[in-house]
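A look at the structure
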Amino acid sequence: MRQRVGDVLDWFGNILLWLFFGIRTSLFRIHKLAFGKPVPGRTSSSFHKVLLVGDSAAEGYGEAPALLFRSRGLVGRLDVLTRACPRIRQKWQFLDAADHTVSTMKLRKNTLWKAIQQDEDYSDAEVVILYFGDRSSQLEAANSPDAYVREIEAVALELLELEKKVCICMVPTGGVSCSETLAKVRVANRGLVDMAARICSEMKCSGLKVGPDPDGGRLRGKELFTLDDIHFCAKGYDIFAIELLREIE
């Protein structure tokens, strides 16, 4: 009898979890349709553009319900922070080119990659932030750290050839509960740091940076992530945006 009650509770809990993520996903899609892509200006000596490229983690999926009432996400937070920073005197516009259907290993095969290079609203961006951190990207990094780093390197080199400055964000680890997966993701993240240092040395450039350390004290802790332990919640995005701006400022 006790086992049966436990099975019923597990079933009921799974249903509630399924409904939660289903509703959150629906709200997120509505937000994307409602706000759409902002109308960007043209880059000039006093007007600069930063393009955010990534998956659902970059889109701001973790705070989907809140997005219905105020368009923020990572791009919105970076915009607010730059406006409030007295050291930044010129105009910076942050554009969201993140796509929840794209993973790290599939980016260059996706139409988004062509848009980044040819879309008149995106192609003149001076800085490109690469942020992949959803479940697919975590598994890609964990299953084959070397292949993951090579793919990010190929993406970064193509962007550098287009005379972009590039900031590579490491895969978030704060919500990863599986110790084996966590260890492999950390191997991939260390590989990204080493790869960026090598490219900067070989090309004698400073246009390639690596984003905040996901194992740093401020980005650790389950309270910064949603129930899926993958996406940042609103508090997590607040901290991540501050740390990221320090890297690209």
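Throughout what follows, the structure given in this document is the object of discussion. (Residues numbered from 1 in each chain as written. Predicted model: local features only at pLDDT ≥ 70, side-chain atom pairs only at ≥ 80, totals over all residues. Heavy atoms only, no water.)

1. Regarding helix H8 (residues 179–203)
The terminal C-alpha atoms of H8 lie 36 Å apart, and with 25 residues this matches the ideal 36 Å at 1.5 Å per residue to within 8%. Those residues of H8 not exposed but buried are Thr181, Leu182, Val185, Ala188, Asn189, Gly191, Leu192, Met195, Ala196, Ile199 and Cys200. Downstream of H8 by one or two residues, lysine 204 has phi in the positive range, about 50°. (Helix = DSSP H or I, 4+ residues; strand = E, 2+ residues; numbered from the N terminus. Expected span 1.5 Å × (residues − 1). Buried < 20%, exposed > 50% of the residue type's maximum accessible area, 1.4 Å probe, protein only.)

2. Remarks on the state of the cysteines
For the structure shown, the criterion picks out zero disulfides. For cysteine 200, which is in no disulfide, the shortest distance to another cysteine sulfur is to cysteine 205 and amounts to 4.4 Å. Taking the relative accessible area as the measure of exposure, cysteine 200 reaches 17% and is therefore buried. (Disulfide = S-S within 2.5 Å.)

3. Description of the nonpolar core
Leu51, Val53, Ile168 and Leu208 are the most contacted members of the largest nonpolar core, which has 36 residues in total. For this core, the elements supplying multiple residues, two or more each, are strand E1 (47–54), helix H5 (111–118), strand E3 (127–131), helix H6 (135–143), helix H7 (145–161), strand E4 (165–168), H8 and strand E5 (208–210). Core analysis: the second largest hydrophobic core is formed by 24 residues, Leu78, Ile129, Phe225 and Phe232 among them. (Core = buried A, V, L, I, M, F, W, Y, C linked by side-chain atoms within 4.5 Å.)

4. What about the pattern of salt bridges?
Scanning the model with the defined rule gives 11 salt bridges in all. Arginine 83 is the salt-bridge partner of aspartate 79, the closest N and O atoms lying 2.9 Å from each other. Placement of both aspartate 79 and arginine 83 in helix H4 (residues 73–84) is noted, with a separation of four residues, approximately one turn of the helix. On the basis of relative accessibility, which here comes to 58%, the residue arginine 83 falls in the exposed class. Note that aspartate 215 is salt-bridged to arginine 186, the shortest N-O span being 3.1 Å. You can see aspartate 215 sitting in the loop between E5 and helix H9 (234–248) and its partner arginine 186 sitting in helix H8, a full 29 residues away along the chain. One connected set of salt bridges, linked through shared partners, spans Arg108, Glu151 and Glu158. (Salt bridge = Lys/Arg side-chain N within 4 Å of Asp/Glu carboxyl O.)

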